[in-house]
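Fold and contact review
Next come the chains, spelled out residue by residue.
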Amino acid sequence: MNTLYHFTLSFKLAFRNIISSGLRTWLTIITLALAFVMILFFNSMYKGWEYQGIIDQEDWEFAQGHLTHPEYDKLDPFTIESGHGTFEDNPHAIPVLIIQANIYPEGRMLPILLKGIPSDQQIVKLPTHKFKHSEAEIPVIIGEGMAQNNHLKVGDKILMRWKDNKGTFDAKNVTIEAIFKTSVPTVDAGQIWIDINTLWSLTGKKQEATYFLCDADFDQSKTGDWKFSSKDELLKDFYAMIEMKSSSSVFLYGILMIIALIAIFDSQVFSVFKRQKEIGTYIALGFTKKRVTFLFTVEGVMYALLAIIVGTVIALPLISWLNTVGIPMSANQEASKEMGVTIGEYIYPLLTTGLYLKTVLWIIGLSAIVSYLPVRKIAKMNTVDALKGKK
């Protein structure tokens, strides 16, 4: 009980002392609060980007994992021709067959990846149902980016050339049945999607697939020679990119933190050298030097606590509002798509309890360290000299 009383008394005295400092106190608090808000904003923005990116890539490309032919490597285009094989029907996985082809829009030759997928699939968001309702001989769907880059629109007929299973080239006109909008460029750029039954018929590669899109109930123990990659494995490059982007922002709010912590350090140094009589009085009243050191350290921590309160009042409504309306990213979206980066038209910041508490503890911890360093001198003071105000 006595310890709790001393602890409470130290906090009351610390609060009274920093409030009595007036403008200097509030300048320090505002600077630290600004750093706190910036840290929360940037980290919640990257958290929101990560959350959206995972959902989008799961919905459009990865599902709950891929089961890939052992000879296929998505990073090596030379494996496309040999990286496919026959498979057994599985209700929890849908086949995708990839072949290389060329299209000739407006007389230009454009190499593309022709991807076959079942028209009745429901694992990913690709509008494959359009194949069923089309009256065209060979209906296909493409992404918005592919359409814009090559001046294509719904209803256009373009000549497409491919190679069948015997190595013979064939060509026919295909009709663009639908153009879908997605934030995942890896299902859009340089790709045309077609009903897999039509692709089997065109190429003679009956019941063959390059990889499968698996749902949550897929049995990973029955893959044979095929390689299963979980959703998290497929997303590891995306995780690494988010981590890199997040780390690069440390420099920005690190500068603000340094400025704020320097202000706290300066206040503590000022306290030790200008409040000698006050320190001596505390000791004369029965405070041990350790308690006085703790009191002055608490004063520095109190700056952080008040800054966190001020910053929270600003940050929570701001981030909540941005989570509703979103941060426009249209200016960066095109460049991101060209680099193959998944980013939506809007980013919705996501502030989690863990992120908030981690930031709070980080700021309090740094403030405590910076506050303690200059007040260690109190333990070496002579009590009589302190009462006289001697340095």
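Conventions and cut-offs
Residues numbered from 1 in each chain as written. Predicted model: local features only at pLDDT ≥ 70, side-chain atom pairs only at ≥ 80, totals over all residues. Heavy atoms only, no water. UniProt positions renumbered as here; feature names shortened; annotations may be inferred. Buried < 20%, exposed > 50% of the residue type's maximum accessible area, 1.4 Å probe, protein only. Helix = DSSP H or I, 4+ residues; strand = E, 2+ residues; numbered from the N terminus. Pairing = 2+ DSSP bridges. Expected span 1.5 Å × (residues − 1). Polar contact = N/O pair within 3.5 Å; in protein donor to acceptor, adjacent residues only side chain to side chain. Contact = heavy atoms within 4.5 Å. Salt bridge = Lys/Arg side-chain N within 4 Å of Asp/Glu carboxyl O. Axes fitted to C-alpha atoms, helices over the stretch in contact; angles between N-to-C directions. Parallel < 35°, antiparallel > 145°, perpendicular 65-115°, else oblique. Left-handed = near helix turned anticlockwise from the far one by under 90°. Nonpolar A, V, L, I, M, F, W, Y, C, P; charged D, E, K, R; others polar. Phe/Tyr/Trp six-rings, centres within 6.5 Å; stacked < 30°, edge-to-face > 60°. Lys NZ or Arg CZ within 6 Å of the ring centre and 35° of its normal.

An unreviewed UniProt entry annotates the protein chain as FtsX-like permease family protein of Flammeovirga kamogawensis. Taken directly from UniProt, the Subcellular location (unreviewed entry) text for the protein chain runs: "Cell membrane".

1. Examining the pairing of strand S10 (residues 211–214)
Residues Tyr211 and Leu213 of S10 are buried on one face, and the alternating residues Phe212 and Cys214, pointing to the opposite face, are buried as well. When strand S1 (residues 65–68) meets S10, the two strands line up antiparallel, connected through three bridges. Bridge pairing links Thr68 to Tyr211 in S10.

2. Things to note about helix H2 (residues 23–62)
Its 40 residues place the ends of H2 55 Å apart at the C-alpha level, agreeing with the 58 Å of an ideal helix rising 1.5 Å per residue. At the C-terminal side of H2, Ala63 shows a positive phi close to 50 degrees.

3. Section: the side chain of Gln121
Tracing the sequence through the fold places Gln121 in the loop between strand S4 (110–117) and strand S5 (139–143). Judged by relative accessible area, which is 7%, Gln121 ranks as buried. A distance of 3.3 Å separates a polar side-chain atom of Gln121 from the backbone oxygen of Leu126. Setting aside residues up to four positions removed in sequence, Gln121 forms contacts with Ile94, Leu126 and Thr128.

4. Describing the UniProt feature "transmembrane region" (unreviewed entry) in the protein chain
Per the UniProt record, the feature "transmembrane region" (unreviewed entry) sits at residues 21–42, 250–273, 294–319 and 355–375. Taken end to end, residues 294–319 is 100% helix and 0% strand, and its first and last C-alpha atoms sit 35 Å apart.

5. Details of the pattern of salt bridges
Overall, the coordinates contain six salt bridges when judged by the stated rule. Lys231 is the partner of Glu58 in a salt bridge, and the nearest nitrogen-oxygen pair spans 3.0 Å. With Glu58 in helix H2 and Lys231 in helix H5 (residues 231–234), the pair connects residues that are 173 residues apart, well separated along the chain.

6. So, the packing of H2 against helix H6 (residues 236–248)
Relative orientation of the contacting elements H2 and H6 amounts to 165 degrees, with a least axis distance of 10 Å. What the angle tells us is that H2 and H6 run roughly antiparallel. Here H2 runs over H6; the crossing is right-handed. Seen from H2, the contacting residues are Asn43, Tyr46, Trp49, Glu50, Gly53, Ile54 and Gln57; seen from H6, they are Phe238, Tyr239, Met241, Ile242, Lys245 and Ser246. In terms of residue class, the contact of H2 with H6 is built from seven nonpolar, four polar and two charged.

7. A word on the packing of aromatic side chains
Throughout the structure, instances matching the rule amount to 10 aromatic pairs. Put simply, the rings of Phe87, Trp200, Phe212 and Trp226 pair up and form one aromatic cluster. Here the guanidinium or amino end of Arg161 rests over the ring plane of Phe169, the centre of that ring lying 4.4 Å away.

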